[in-house]
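So the chains spell out like this:
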Amino acid sequence: MKRYFFTALLAMSVTFASAIVIENFENFPVEDFWQADLADRTGTFFTYNANFATLQIVDNPNKSGINTSDKVCRVQVWNGGPNSGIVKINFSGITEPVVTYPACPTCTNEKFDRLRFKYYKGSLLDRYVEFEPYGSPTNPATRIQAQGMDEWEYITIELTSTTYTDIQLRVNRGETGGSSPSTAEGDFIYVDDFEFFNVTDGPDFPPSTAIQSIAAEKAFSCVSSGENKFRLDADLENPANVRIELIAMDGRSEVLYDHVAEGKLEVPFSVKNRGIYCMRAIIDNQVRETVKIVY
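Only a predicted model underlies this, so the values are computations on that prediction, with no experimental measurement involved.

Criteria and cut-off values
Residues numbered from 1 in each chain as written. Predicted model: local features only at pLDDT ≥ 70, side-chain atom pairs only at ≥ 80, totals over all residues. Heavy atoms only, no water. Disulfide = S-S within 2.5 Å. Buried < 20%, exposed > 50% of the residue type's maximum accessible area, 1.4 Å probe, protein only. Core = buried A, V, L, I, M, F, W, Y, C linked by side-chain atoms within 4.5 Å. Helix = DSSP H or I, 4+ residues; strand = E, 2+ residues; numbered from the N terminus. Pairing = 2+ DSSP bridges. Axes fitted to C-alpha atoms, helices over the stretch in contact; angles between N-to-C directions.

**Looking at the state of the cysteines**
Then, in step 1: Per the stated rule, a full pass over the model turns up one disulfide.
Then, in step 2: The disulfide partner of Cys104 is Cys107, and the S-S distance across this bridge is 1.9 Å. Taking the torsion about the sulfur-sulfur bond, which here is approximately 80°, the covalent link between Cys104 and Cys107 counts as right-handed. One exposure class covers both Cys104 and Cys107, and it is buried.

Shown next as structure tokens:
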């Protein structure tokens, strides 16, 4: 017999015990923070290497959807270049900067098992992110296709170890390796909000307390309508831009609804495979609520 569970994830603060943001790029002191002649790189996040991608902290090129923050990290990639947009986070050793690897004693298995960050490629095509723990590719290779078109999306990577000494990411990879064959000279890819979470306990999607479109005593709810079919219900007091997304735990997302709505809202949908999903409601570009579905 199939069972369905629905849990409203009502976040009361920015960080839950089961999720932590390790960098959001909002407080960097310099505009171009990754240069060979930059004597003081304290406060930077990625490990410096002249063979890696050129990085800059810049204004968010698309403040919408899941990312309305002011500052993001821009990764510049080149046609035929060997780096595929390499960025590297160092958690130990003498190479600066060293980022503290987060521990989660309250997490299931007492560890974070997912790394997630926001990724924006504009209208670029054929882009993958490759995960290289300890600076080496996995076997088989871990490549995640970026599917968003002119919108921010999540890239989510499974972590098998309790901790890592370093994590290297190639944000401009082709499907079979190497830099994306569609790369043009000086393409830009943007990344933001690097975080760890535990997939069993659930990622953190804090709602905004400033949103007034939904009555305080009411919230989004999700009900089963039989088999793999579901319906998201809400009651909006005032007209608002409503975007509903269904997110699988591998980071792939599907937009179920994206319109101006008012009053009673019903969004029917279905899931194809068993697993854990998050239904996210974004009201006027602010995350209002997330419902977790275990099918």
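**Details of the nonpolar core**
Then, in step 1: Counting residues in hydrophobic clusters, the biggest one holds 37 residues, and the most contacted among them are Phe46, Phe117, Tyr119 and Phe194.
Then, in step 2: When residues of this core are traced back to their parent elements, those giving at least two are strand S3 (54-59), strand S4 (71-77), strand S5 (86-90), strand S6 (114-120), strand S7 (128-133), strand S9 (153-158), strand S10 (166-173) and strand S11 (187-197).
Then, in step 3: With four residues, the single largest contributor to this core is S11.
Then, in step 4: Listed in part, the 24 residues of the second largest apolar core include Cys222, Tyr257, Ala281 and Ile283.

**With respect to the sheet that holds S10**
Pairing between sheet strands relies on hydrogen bonds along the backbone, with the strands arranged either parallel or antiparallel.
Then, in step 1: The four strands lie next to each other as S5-S10-S7-S8, forming an open sheet whose pairing is antiparallel. Of all strands in the sheet, those bounded by a partner on one side alone are S5 and strand S8 (142-145). Taken pair by pair, the neighbouring strands of this sheet meet at an average axis angle of 20°, ignoring direction.
Then, in step 2: In the sheet, S7 pairs with S8 via four bridges, with the strands oriented antiparallel. Bridged to Phe131 within S8 is Thr142.

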